[in-house]
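# Structural features, examined
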Amino acid sequence: MRGVTLAVLLVATTIQAEPRVAAGKAGPSGVTATQNFAVRFPDTAVGATSFAPCFFLCFQTQPNTCNSPGVVHRVHLPSDPFRAGNFRVGRAGGGCGGVPASFPVNLAAGEWLLSDFEFSPRAAGNFMSSATYDFTTQNSSSGTFGFDLIGTGISRANVIVSSRPSGMLQEQGVGGATDEYSLTNIGLEATSINLTQMGDFFTQSPSSFSLPPGGTQVVTLTGLARGAGDFSGSSIPMGSGVPSGLQIAVRLVSAARPAGPVIPVPSTTRSDLAGPRDSNPSGSVSIVNQGTSALRGLAESDVPWLIPPAGPIIIDPGATGTLPISIDRSKRPDSDFALGSVTGTLTVTYLTSAAGKTETTATSPGTASSSVVVVDTSIPNVSKVAVPPVAAAETAFFIPGVSTRLRVGTDVFLSNVGPSLNVGAVQMFYVPAATPAANASLSTIGQIAPNAPVAFGDIGRNLFGAITETGTLQFRLVTADRFSLGARLNDLASSRGSFGTSLPVIRGDRGVAAGVALVLPGVVKDANTRTDVLIQETSGAAASVTVDFLAATGAVIGSRPAEAVPAFGLRELADAVPAGAVTARVTNTAGSAGRVFALAIGRDSQSGDSWTIVPSEPGAVVVPLVTARTSATETVRTALAMANSGGTPATGVLELSFPFTKRRAVRRSSTGGSDSQSGELVVQRSVTLQPFETQTIANVLPDLFSISSGSGAVKFTPTSGNVVVSGRISRTAAGQLGTSGTSVGASSVASALKNGETKSFTGLEDASEQTIALKTPVTYRSGLGLTEVSGKAVNVRVTVRYTFPGSVVQAFGTATKDFALMANEFLLIDQIGMQVIGAGRNSLPDLRNVQVDVSVTGGEGSIVAFATLEDNGTGDLVLRLD
């Protein structure tokens, strides 16, 4: 559980001529103190950690104004179970960001020293320690100042609301509507719970129960027969570990059943609200009733911070209903310091006609529902700056292709995957395409709690105010190995949900120098498809590139004149690929000072789907997912494009890892040989490519390996020359225009995970069975794929880290599961939450911004891992290697 109890803050009331020390928590309520400052942690379970981020020291001659310089020396750090770290100097009043600092720290006027604190009790009891500093003001006066750290370790029960009721709707005079909520004990001791209630319009079952540590209890609410009206009450849990005053709101709407169909259509499937950290944004959602009878229902949210409209919802046939919504950030799980985006769902449940009484939602038969995803983004400070050179201690990461065109937006996810807060500042620069880096926008994040992912929904619009443009996000990290980054490009134009792709996260050192070419196989141009080419400069020096477009034979069928790429900038060549081209070649011209990276983004104009093409690394690579299936309603295929980037013939071997149903130990090559040490079917095919030739296999499994249905992985091992490989999965569905699917990048075998190594995926989602069954738009289910690539057995541990979305505190859940992979084994894990969390997953709602860690714990083998997200409404798939 994460949270901070703010200390009582002392405010100076007179102007001080002599500079004095000021201290407090950074934010809108900056304060002063001339004595030790108390940091009080919430009661924290033994073995857990609570975080108190963003406390400051500065010098002032006037209250609430850090207007004087001074020097700070550290006397001593707090003792166990407390910790102080992540020291940084920032602009006073500018939020939690800053530049890493080492002692002694010289503070200029207008600056403050920021630090974060942690509390990790190993035993029950009361604890206290302090972080003490010496200071010297500009007038050479000196003194000592300290933060007193106070916390209590507990081993008792700790009960939270892990999922919330969605409201009950029933025909007037007829009872039986049902609803439910869940209580989870995240403490270390068992507890007994008794339920009382306010309101006589419902029953609840069970009325009493025991909750073991880690246990979850689903409470079922049943509506009693009532006349027409809106009824409100509450369920009241009582017992050890239950927060004082906890009440769970219960609603029932009784109304007449409509005579004809009710067809609500939301104007959007996702609504984004945004505002500064100390604000509570509000907005509305519009729903058109395209049916012939009035809609009568209720609106509820699945998270406490999203406040739905009160009272019954009535929308006449043909009319548009405007539903006001608001955000209460004091009920966000990160309410102590709201950062980035959280996601909830607003659901309107309504009665169906007599003919539609078989329809069922989460409430009861005879009802249906319509949902809109709502994203609230707390905006940190943003300033206009020039992007500085990359410091020696920093690593730069780039996400090119961040878009804000029409209904397209980009969600970004980052996570501190280390064990503590002490990771240094994270700087985010945004640079629009073709714009000098001197005109960048900067937002600095000073603290990210360990394994608590931070999301920024539609980051271009919500954080940087971008409109109708494409740009690049650049991240500067001091502890790059401690962070997981990911990005998803979304097109939300469809009423059925989202289409999109993952955007690659590129290390600055992947940019190529002057005279080197980057090859992008798999580009296309036809009546319904276009391909954009993007070139990113990664070193901070201006570059010049030429772009050639090649036919399958290797012949150049189109070229562009030299394109200038600004330092740290992006050059976007929209719809650049001509008809007949299958490969784009981007060359950093001779004499160019900068280093560049190139990618392509394909776009289907009918569906709105997109996919990326990036150059694969030299050497052996794995396309980690190839799949095929055909049914009466859909066709799924995987295309593979292989380009020879050199002027001499290139050769290699394609090797398919494909699981047997009974996992028989068989290995089969193209010559019919076998190897009983393998637990997978492994089929080999040789490849020969003439100079600059591109070979495209439209449907890999049936066309190349004579396998009509299934999923596997393909490894390409070069034997001569250099071959660049890319893949794409496409899906054609009945009643759907165009195609959906995902790019499948090739992952280097040399960088596969080995014993002792971990890869983390952040920003995943795990929808509940109910959400999946209802095909709720803009909700996702996630999968995980593992492929052993070295021909040796390996042991893998998968850890799923998630937040209980129904709780008003930052309560975390963690589940692990071990997998033993045989040599060359391909393993696809669908619905990762159900597979790893187990049966307890059924009592949880939609899990958002999930972090999945993949760790190799033993064996001599190595693995390539990927994650997938599938929109439950459109069926569009996004595959992530980052």
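What you see as residue numbers is a count from 1 along each chain, following the sequence as written. The model is predicted, so local features are restricted to residues of pLDDT at least 70 and side-chain atom pairs to those at 80 or more, both for listing and for counting; the totals for chains, interfaces and linings are taken over all residues. Just so you know, side-chain values use all the structure's heavy atoms and leave hydrogens and water out.

### A closer look at the overall build of the protein chain
As a reminder, the rule being used: Going along the chain from the N terminus, every DSSP run of H or I of four or more residues is numbered as a helix, and every run of E of two or more is numbered as a strand. In this setup the radius of gyration rests on C-alpha atoms only. A globule is expected at 2.2 Å times the number of residues raised to 0.38. Whether two residues touch is decided by their heavy atoms; if any such pair falls within 4.5 Å, the residues are in contact. Residue burial considers only the protein chains on display, and all accessible areas are found by Shrake-Rupley using a 1.4 Å probe.
A tally of regular secondary structure across the protein chain gives four helices and 64 strands. The C-alpha atoms of the protein chain give a radius of gyration of 29 Å, which matches the 29 Å a tight globule of 882 residues would have. Counting only C-alpha atoms and orienting by the principal axes, one finds that the protein chain spans roughly 80 × 80 × 55 Å. Long-range contacts, defined as pairs at least 24 residues apart, comprise 76% of the intrachain contacts of the protein chain with a sequence gap of at least 6. Carbon and sulfur atoms make up 51% of the accessible area of the protein chain, which totals about 31,600 Å².

### Quick look at the environment of Gly98
Threshold: Only protein chains enter the area calculation, which uses a 1.4 Å probe; residues under 20% of their type maximum are buried, those over 50% are exposed, and those in between are partly exposed.
By the element assignment, Gly98 lies in the loop between strand S6 (82–91) and strand S7 (99–100). Since its relative accessible area comes to 10%, Gly98 is described here as buried. Each C-alpha atom, one on Gly98 and one on Thr444, is 6.9 Å from the other, the two residues being 346 residues apart in sequence. Those residues in contact with Gly98 that sit more than four places away from it in its chain are Arg88, Val89, Gly90, Ala425 and Thr444.

### Things to note about the nonpolar core
Keep this limit in mind: Within this scheme, the nonpolar core is defined by two criteria: the residues are buried Ala, Val, Leu, Ile, Met, Phe, Trp, Tyr or Cys, and they are joined through side-chain atoms within 4.5 Å.
Within the largest apolar cluster, 36 residues are counted, with the highest numbers of intra-cluster contacts made by Leu640, Met642, Leu656, Val714 and Val725. Those elements that provide at least two residues to this core are strand S48 (621–630), strand S49 (634–644), strand S50 (650–658), strand S51 (681–689), helix H2 (700–705), strand S53 (710–720), strand S54 (723–733) and strand S63 (863–871). Non-local contacts of Leu640, meaning those with residues more than four positions away in its chain, are made with Val623, Leu654, Gln695, Thr696, Ile697, Val700, Val714, Val725, Ser726 and Gly727. If you look at the next biggest cluster of nonpolar residues, it comprises 35 residues, including Val794, Ile832, Val850 and Val854.

### Quick look at the packing of aromatic side chains
Each aromatic ring pair is summarised here by two numbers: the centre-to-centre distance and the angle between the ring planes. Selection criterion: Each Phe, Tyr or Trp ring, with Trp reduced to its six-membered ring, pairs with another whose centre is within 6.5 Å; inter-plane angles below 30 degrees give stacked pairs, above 60 give edge-to-face pairs, and intermediate values give tilted ones. Charges are assigned to positions over rings by a cutoff of 6 Å between ring centre and Lys NZ or Arg CZ, combined with an angular limit of 35 degrees from the ring normal.
Applying the stated criterion across every chain yields a total of 20 aromatic pairs. Ring geometry for Phe37 and Phe147: centres 5.9 Å apart, planes at 80°, overall edge-to-face. Here Phe37 is found in strand S2 (residues 37–40), whereas its partner Phe147 is found in strand S11 (residues 142–154), with 110 residues between them in sequence. Each member of the pair, Phe37 as well as Phe147, is classed as buried. Geometry around Phe692 places Arg585 over its ring, the cationic atom sitting 5.2 Å from the centre. When the ring centre of Trp611 is taken as reference, the NZ or CZ atom of Arg728 above it lies at 3.5 Å.

### Some details on the state of the cysteines
Selection criterion: Our working definition of a disulfide is a cysteine sulfur pair at a distance within 2.5 Å.
A complete count under the given rule lists two disulfides for this structure. Across the disulfide, Cys54 is cross-linked to Cys96 (sulfur-sulfur distance 1.5 Å). Of the two residues, Cys54 sits in strand S4 (residues 50–60) while Cys96 sits in the loop between S6 and S7, which places them 42 residues apart along the sequence. Each of the two residues, Cys54 as well as Cys96, counts as buried. The side chain of Cys58 participates in a disulfide bridge whose partner is Cys66; the two sulfur atoms lie 2.0 Å from each other. Between Cys58 and Cys66, the S-S torsion sits near -65°, and that sign places the bridge as left-handed.

### Here we look at unusual backbone geometry
For the bond running from Phe103 to Pro104, omega is -5°, close enough to zero to count as cis. Tracing the sequence through the fold places Pro104 in the loop between S7 and strand S8 (105–107). Along the chain, Ser205 connects to Pro206 via a cis peptide bond; the corresponding omega equals -5°. For Leu406, which is not glycine, the phi torsion reads 50° and is therefore positive.

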